Amino acid sequence: MSYAYDDQNIFAKILRGEIPNTTVLETQHTLAFRDLYPQAPTHVLVIPKGAYVSYDHFASEASDAEIIDYTRAIGEVCRLEGVDLPSGDGFRLISNAGAHGVQEVPHLHVHILGSRHMGRMVAKAD
Ligand code: DGP
């Protein structure tokens, strides 16, 4: 089974410059930008520039260079936003995938949430 990537998803359009974003960090393989509907004072989305649907897709098929760049960029965004340890008060890192993960945009992204106490990790399902 292979992963099907829809290049009309909203983050693909952001990467092509078709719709605007508020960039926090851009590197060779990674883009970080503010979530349009922030759920915390700090809410940044970090995406690889490559066409990956989900974290498992990325972890399986991305090059070492992409994985290193992406991972380092996540750390750098935490530092830039002042939520890193030990300087800040911490953060929550979330990556939703597929139907059960309730993923809305089918391009890999992690949410970096912070600058407030984030509460319990997972709510009970309805
Ligand atoms: P998820 O449910 O994990 O797929 O989260 C998708 C996030 O993307 C959600 O928090 C809202 C955000 N989002 C949706 N459309 C846009 C957009 O056009 N621009 C930005 N910056 N964020 C968006």
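Residues numbered from 1 in each chain as written. Predicted model: local features only at pLDDT ≥ 70, side-chain atom pairs only at ≥ 80, totals over all residues. Heavy atoms only, no water.

## Quick look at the environment of glutamate 61
Logical step 1: Looking at the secondary structure, you find glutamate 61 in helix α2 (residues 55-61).
Logical step 2: Glutamate 61 sits 32 residues away from leucine 93 along the chain, and the two C-alpha atoms are 21 Å apart. (Helix = DSSP H or I, 4+ residues; strand = E, 2+ residues; numbered from the N terminus.)

## Section: the nonpolar core
Logical step 1: Ala32, Val46, Tyr70, Val77 and Ile112 are the most contacted members of the largest nonpolar core, which has 17 residues in total.
Logical step 2: Sorting the residues of this core by element identifies β1 (23-26), β3 (42-48), α3 (64-81) and β5 (110-114) as the ones contributing at least two each.
Logical step 3: The dominant element in this core, judged by the number of residues it contributes, is α3, at five residues.
Logical step 4: Ignoring anything within four residues of it in the chain, the contact list for tyrosine 70 reads Thr30, Val46, Ile47, Pro48, Tyr55, Phe58, Leu108, His109 and Val110.
Logical step 5: By size, the runner-up hydrophobic cluster in this structure holds seven residues, among which are Phe11, Ile14, Phe33 and Val105. (Core = buried A, V, L, I, M, F, W, Y, C linked by side-chain atoms within 4.5 Å. Buried < 20%, exposed > 50% of the residue type's maximum accessible area, 1.4 Å probe, protein only. Contact = heavy atoms within 4.5 Å.)

## Focus on the pairing of strand β2 (residues 30-34)
Logical step 1: Across the five residues that make up β2, a large majority, four, are buried.
Logical step 2: Relative to β2, β1 runs antiparallel, the two sharing three bridges. What sits directly across from threonine 23, in β2, is phenylalanine 33.
Logical step 3: In the sheet, β2 pairs with β3 via five bridges, with the strands oriented antiparallel. When the sheet's bridge partners are listed, phenylalanine 33 is paired in β3 with leucine 45. (Pairing = 2+ DSSP bridges.)

## Examining the pattern of salt bridges
Logical step 1: Under the defined criterion, the tally for this structure stands at four salt bridges.
Logical step 2: Ionic pairing is found between lysine 49 and glutamate 26, a salt bridge with its closest N-O pair at 2.8 Å. Of the two residues, lysine 49 sits in the loop between β3 and α2 while glutamate 26 sits in strand β1, which places them 23 residues apart along the sequence.
Logical step 3: A salt bridge links glutamate 81 to arginine 34; its shortest N-O distance comes to 3.0 Å. Note that glutamate 81 is positioned in helix α3 and arginine 34 in strand β2, a separation of 47 residues in sequence.
Logical step 4: Of the residues examined, glutamate 81 reaches a relative accessible area of 18% and is grouped as buried. (Salt bridge = Lys/Arg side-chain N within 4 Å of Asp/Glu carboxyl O.)

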